[in-house]
Amino acid sequence: MDSPTPIRRGQPRGPTTVPMLRARKRRTGAEPVVMLTAYDEPGARVADAGGVDVILVGDSVANNVLGYTDTLHVTVDDMVRHVAAVARARPAALVVGDMPWMSYHLSVESAVANAAALVRAGAGAVKLEGGLPRVAVVEAVVHAEIPVMGHLGLTPQSVLPMGGYRVQARDTDGAHALMAAAHALESAGCFALVLEGVPDVVAARVTDELAIPTIGIGAGPGCDGQVLVFHDLLGLGAGPVPKFARQYAHLADAATAAIAAYASDVRSGAFPSDEESYHVPHKLDLGQGSRPL
Ligand code: KIV
């Protein structure tokens, strides 16, 4: 699909900070927040050149890069490695490191230590999933001077109790529970809130009620920003993309065609050519070989 969006590559931009993002409420006339996942230095470079505001080093690295079928297998060490790789791109975008499953569930102290490990790897903030049960952890991490992005709705780390990846808050009770959790996370100090897999009307109401920006994925157009997964946006994944993910390119197809052309050129002898080879201006004495040079 042709994108009407101007590419911001090369435009000098200052760093995006947490206070700048916290102020990005669309109802005040602010531009929507653009967030994209990235998991390595080249990915962060192109995401930043494309002009995103936030690079989320998501635990979706599990599915998109490491070949797992869920995010439960990713560890703090995995996230530290990927956050550090993204940070080496020195993006102007804010780098948010996702706290993996079991990195903030055992104790408040270990949660703060794990959040600090992501900051030391290069994150400017962390994200963690869940509502009321996470309030104490959010408060402690925020008190440790580490900005926290919340994440409600379809929280992939809850795949087992949810019984699969299902849209959440579809009935009145669920919607009210989600709104209460959103208010609690805001009061606990979150600077922004991801809403994933919730009905558009519920996301719009939460967005309306909160003073912090909401960033939606499968949550409709009423949020203060949107987030997509790098591999979904670029068509790099295997299999169909979810209904909410718009594919702006088909890079896996382009990459497969390029690699097939390379394989064909090697097999036919068309690669490398004389121009792609190094030469010396004089004759070399290479001794006696088994074959004439
Ligand atoms: O890990 C991730 O990619 C995420 C986004 C889907 C919000 O948490």
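Okay, so let's go over this structure.

Turning next to the site of the ligand. Around the ligand, the structure places T37, L56, G58, D59, S60, D98, K127, H151, V194, E196, I217 and V229. With the chains in place, 95% of the 260 Å² that the ligand exposes on its own is no longer accessible. When the residues that make up the shell around the ligand are grouped by side-chain class, the tally is four nonpolar, four polar and four charged.

Before going further, it helps to examine the side chain of T155. Tracing the sequence through the fold places T155 in the loop between β5 (148-153) and α7 (159-162). Taking the relative accessible area as the measure of exposure, T155 reaches 7% and is therefore buried. Discounting residues that sit within four places of it in the chain, T155 has contacts with E129, G130 and M162.

Overall, the coordinates contain six salt bridges when judged by the stated rule. A salt bridge links D224 to K25, with the shortest nitrogen-to-oxygen separation between them at 2.7 Å. Taken as a pair, D224 in the loop between β7 (214-217) and β8 (225-228) and K25 in the loop between α1 (18-22) and β1 (33-37) lie far apart in primary sequence, 199 residues in all. Residue class for K25 comes out buried when judged on its relative accessible area of 4%. With its nearest N and O atoms 3.1 Å apart, the salt bridge here joins E41 to R45. Of this pair, E41 and R45 both sit in helix α2 (residues 41-49), four residues apart, which is roughly one turn of that helix.

Rules and cut-offs
- Residues numbered from 1 in each chain as written.
- Predicted model: local features only at pLDDT ≥ 70, side-chain atom pairs only at ≥ 80, totals over all residues.
- Heavy atoms only, no water.
- Near = heavy atom within 4 Å.
- Areas by Shrake-Rupley, 256 points an atom, 1.4 Å probe, with all protein chains shown as cover.
- Nonpolar A, V, L, I, M, F, W, Y, C, P; charged D, E, K, R; others polar.
- Helix = DSSP H or I, 4+ residues; strand = E, 2+ residues; numbered from the N terminus.
- Buried < 20%, exposed > 50% of the residue type's maximum accessible area, 1.4 Å probe, protein only.
- Contact = heavy atoms within 4.5 Å.
- Salt bridge = Lys/Arg side-chain N within 4 Å of Asp/Glu carboxyl O.

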